[in-house]
Amino acid sequence: MSNADVGLIGLGTMGAMLSLNIAENGFKIAVYNRTTQVVRDFFDTAGELAPNILPCETIEELVAKIKPPHAIILMVPAGDPVDQQISELSKFLNRSDLIVDAGNANFRDTNRRSDAARSGGIPIMGIGVSGGEVGARYGPSIMAGGTAESWNRMQPILSAIAAKYEGIPCATHMGPDGAGHFVKAVHNGIEYADMQIIAEAYGILRDGMSFDAAKCGEVLEDWNTRLLKSYLVEISGMVASAFDPETGCAMLDIIEDRAGQKGTGRWTAIEAQHLGAPITVIEAAVAARNMSALKHMRVDGEKHFAGAPQAIGKDVITIADLEGALVAGKIICYAQGFDLLNAARREFGWSLPMAAIAEVWREGCIIRSAMLDDMASALRSAPDKNLMFAPYFSELLKSHVPALRRIASRALDAGHPVPALAAALSYFDSMRTARSTANMIQGQRDFFGAHGFERVDRDGTGFHGPWGSHCQ
Ligand code: 6PG
């Protein structure tokens, strides 16, 4: 019987949770997974939601069980598996149907798939879904890309399953083609940066101030009551306070210091380079994950260079300084992320809804935080303006950058690696330096390559220096 409102392929953790969320919101969903047993197990454990779930053992059966025109969500790993599923589904769908890729796709792949759809393929929508397993089950943040028609069609389901911020669904249409996946990548870049600055603060507490993990947990819990209130600070506090039931040790003390990454943060940094957008805090966070992988080299380095961060006296920095440094670092990293979105908006001709992006990030996603509502307000009045210059954030920076400066400089003095906090401070300082040192770069470029420069005392371009025979 073809009465499902929507189909879903890929019952991994995220797909299973999203299916239950859709079913719980009153939609009938047909589900399929390549391994049939996974479908059966999922259905057997669906409990009271089972009447809204139609388990399918083949793609043909899945399509047959959905009301036409068919809409099918893909929750499979990004990359080739998505192309394979699209090609398989194309045998059973026609151009009135819709494929919705809800994985963490590279937006360039989504652009390519959208082009293919325009040249006769099945229409495709790429949606960024954030919030991890719990978000997928109880309300993710959804960044949708695709045509307005596709969005209108999926909007009732996406808005129903999305997280709600004061009753407003955290699901928005970002623009055509890969716009939704691009916004999701920037979300993940900010996620990396936010995680990294928290980790750097933890490092200063642990190695600089000799706090044990539980004490770090208390500090984070306290920070979560003020400006830094956010999901990431909250869970970092919980991670720091947890103990390993097997050994009785603090969990943080038994977790290996090598961070994984699936690639979305890296994509953000790569796209920022393509767009010429300086997202130095995000880049530092991606590089820090890469550094974390170099465990053997770091162990050798500590012996070779007699390293290890030194203690920082309580008379030198305070916990309040550290909190202030995170406030400033966080504002700067979000300012960079939104600037990158603006650069993409100009380059790709998208009309990205800047304030609405901050709004969909207020609930459900990994970077949800109290500050996002203020960011949404700032972007509503000045969507193109760097957030650092929005009156509210500018005042916050004026009052918190001194703490960031104390923390970054004292940490560097004592040998603590703080790449993201230091990048945030240098970005701030660069942004308030009217006369930079790029005049030297231009002089160098002209000297060795006759690239020409502009002069401060005359209009025009293509001036050259008197390097003459010294050249080359
Ligand atoms: C989210 C997350 C999620 C991401 C994981 C792992 O918004 O729910 O961003 O999509 O894939 O958190 O990311 P890394 O493996 O790259 O850390």
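Everything below is about the structure printed above this text.
Definitions and cut-offs
- Counting starts from 1 at the beginning of each chain's written sequence and moves along it residue by residue.
- For a predicted model such as this one, the threshold for reporting local features is a pLDDT of at least 70, and the threshold for listing and counting side-chain atom pairs is 80 or more; totals across whole chains, interfaces and linings nevertheless cover every residue.
- Just so you know, side-chain values use all the structure's heavy atoms and leave hydrogens and water out.
- Strands here are runs of E lasting at least two residues and helices are runs of H or I lasting at least four, both read from the DSSP assignment and numbered beginning at the N terminus.
- For every residue, the accessible area (1.4 Å probe, protein chains only) is compared with the maximum for its type, and the residue is labelled buried under 20%, exposed over 50%, or partly exposed between those bounds.
- We call two residues contacting when some pair of their heavy atoms lies within 4.5 Å.
- Here a residue is considered near a molecule or strand provided that any single heavy atom belonging to it is located within 4 Å of it.
- We call two N or O atoms a polar contact when they sit within 3.5 Å, provided that within protein one can donate a hydrogen and the other can accept it, with sequence-adjacent residues counted only if both atoms are side-chain atoms.
- Three classes are used: nonpolar for Ala, Val, Leu, Ile, Met, Phe, Trp, Tyr, Cys and Pro, charged for Asp, Glu, Lys and Arg, and polar for all others, with Gly counted as polar.
- In this document the domain limits rely on a domain assignment from an automatic tool or a database.
- What counts as a ring pair is set by centres within 6.5 Å for rings of Phe, Tyr and Trp (its six-membered ring), and what kind of pair is set by the plane angle: stacked under 30 degrees, edge-to-face over 60, tilted for all other angles.
- Should the NZ of a Lys or the CZ of an Arg lie within 6 Å of a ring centre and within 35 degrees of the ring normal, that charge is described as sitting over the ring.
- Two strands pair if DSSP finds at least two bridges between them.
- Every axis in this analysis is a line fitted to C-alpha atoms, fitted for helices over the stretch in contact. Angles between the N-to-C directions lie between 0 and 180 degrees.

Thoughts on the environment of Ile197
Residue position: Ile197 is located in helix α8 (residues 179-208). The buried category is assigned to Ile197, whose relative accessible area is 1%. Residues Ile197 and Ile282 lie 85 residues apart in sequence; the distance between their C-alpha atoms is 10.0 Å. Sequence-distant contacts of Ile197, defined by excluding residues within four places in its chain, comprise Val281, Leu326, Gly329, Lys330, Ala420 and Leu421.

What to know about the site of the ligand
Contacts to the ligand come from 15 residues, most closely from Ser130, Lys184, Glu191, Tyr192 and Arg289. In this structure, an oxygen atom belonging to the ligand sits 2.8 Å away from a side-chain N or O atom of Asn104. In terms of residue class, the shell around the ligand is built from two nonpolar, nine polar and four charged. Lining the shell around the ligand are residues from two domains, each supplying at least three of them: domain 1 (6-177) and domain 2 (185-431).

Describing the packing of aromatic side chains
Ring pairs (aromatic) are described by centroid distance and by the angle formed between their planes. Counted by the stated rule, this structure contains nine aromatic pairs. Residues Phe107 and Phe182 carry aromatic rings whose centres are separated by 4.9 Å and whose planes lie at 85° to one another, so their mutual orientation is edge-to-face. Linking Phe107 in helix α5 (residues 107-118) with Phe182 in helix α8, this pair joins segments that are 75 residues apart in sequence. Of the two residues, Phe107 and Phe182, both sit in the buried class. Taken together, a centroid distance of 5.4 Å and an interplanar angle of 55° make the contact between Phe107 and Phe348 tilted. Of the two residues, Phe107 is situated in helix α5 and Phe348 in helix α15 (residues 319-348); the sequence distance between them amounts to 241 residues. Classification of Phe348 by relative accessible area gives partly exposed; the value is 27%. These aromatic residues form a ring-pair network of at least three members: Phe107, Phe182, Phe348 and Trp350. Sitting above the plane of the Tyr192 ring, Arg289 keeps its charged end 3.6 Å from the centroid. The residue whose ring lies beneath Arg455 is Phe463, and the NZ or CZ to ring-centre distance is 6.0 Å.

Points about the sheet that holds strand β2 (residues 29-32)
One open sheet holds the eight strands; their spatial order is β3-β2-β1-β4-β5-β6-β7-β10, and the pairing between them is mixed. Each end of this open sheet is capped by a strand with a single partner; those strands are β3 (53-56) and β10 (171-175). For this sheet, the mean angle separating the axes of adjacent strands, direction not counted, is 25°. As judged from the five bridges shared by strand β6 (residues 124-130) and strand β7 (residues 141-145), these two strands associate in the antiparallel manner. Each bridged residue has a counterpart across the sheet, and for Val129 the counterpart in β7 is Ile142.

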